[in-house]
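Residue-level structure breakdown
What follows is each chain in one-letter form.
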Amino acid sequence: MFTLPSPVKSGGHDIHPVYARRLDRGLTERPPPWDTPATRAVAAVTALKRAGAPRVRFLCLVAAPAGVQAMLAAHGDVPVYAAALDRELNAKGYILPGLGDAGDRLFGTR
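Counting of residues starts from 1 at the beginning of each chain's written sequence and follows it residue by residue. Two thresholds apply to this predicted model, a pLDDT of at least 70 for residue-level local features and 80 or more for giving and counting side-chain atom pairs, whereas whole-chain, interface and lining totals are computed over all residues. Where side-chain values are given, they derive from all heavy atoms of the structure, hydrogens and water being excluded.

1. Here's the deal with the pairing of strand β4 (residues 80–85)
The pairing of strand β3 (residues 58–63) with β4 spans 5 bridges and is classified as parallel. When the sheet's bridge partners are listed, Val62 is paired in β4 with Ala84. By convention, orient the strands away from the viewer: a clockwise path from the first strand over the helix to the second makes the crossover right-handed. Each helix corresponds to a stretch of at least 4 residues labelled H or I by DSSP, and each strand to a stretch of at least 2 residues labelled E; elements are numbered beginning at the N terminus. Considered for its hand, the β-α-β crossover made up of β3, helix α2 (residues 65–74) and β4 is right-handed. Two strands form a pair only when DSSP identifies at least two bridges running between them.

2. Here we look at helix α1 (residues 37–50)
Multiply 1.5 Å by the residue count of a helix minus one, and that product is the helix's expected span. With 14 residues, α1 extends 20 Å between its outermost C-alpha atoms, agreeing within 8% with the 20 Å of an ideal straight helix rising 1.5 Å per residue. We call a residue buried when its accessible area falls under 20% of the maximum for its residue type, exposed when it is over 50%, and partly exposed in between, using a 1.4 Å probe and counting protein chains only. For α1, every residue scored as buried is listed here: Ala41, Val42, Val45, Thr46 and Ala47. Looking at the packing, one finds that the buried side of α1 touches β3 and α2. Gly52, located one to two residues past α1, shows a positive phi value of around 100 degrees. Two residues form a contact once any of their heavy atoms are found within 4.5 Å.

3. Overview of the nonpolar core
Joining through side-chain atoms within 4.5 Å is the link that ties buried Ala, Val, Leu, Ile, Met, Phe, Trp, Tyr and Cys residues into a set, and such a set is a nonpolar core. The biggest cluster of nonpolar side chains holds 6 residues, and these are Ala41, Val42, Val45, Val56, Met71 and Val78. Sorting elements by how many residues they give to this core places α1 first, with 3 residues. Each residue touching Val78, except ones within four places of it in the same chain, is listed here: Val45, Lys49, Val56, Arg57, Phe58 and Leu72.

Structure follows, in structure tokens:
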């Protein structure tokens with residue numbers, strides 16, 4: 001059975017850990033779904049910071065140098081952790097060599 005940890009004491013106050021918070025209500029800036037993953041990642045970090053997140057780290061499976069550069073240009077204080085850094089983007093903005101449209105395969109959109 002899954003149980004939540006007890007609150008942590010800090011300065012005599014209970015601090016309850018936050019596991020998930022819905023931040024999309026009231027967001028006015030949403031990148032279009034056809035936008036690049038890097039643009040969506042930058043928008044997500046921006047939303048987290050506007051919501052008051054004190055520290056943000058970005059974790060992804062595969063990144064391209066251009067995406068990492070875009071994140072660091074927009075949010076230089078956010079460390080980027082990538083399991084793999086591929087070499088480049090093609091003309092369509094896909095990572096090369098990439099995962100072969102893994103998202104499309106997973107969700108059956110192609």
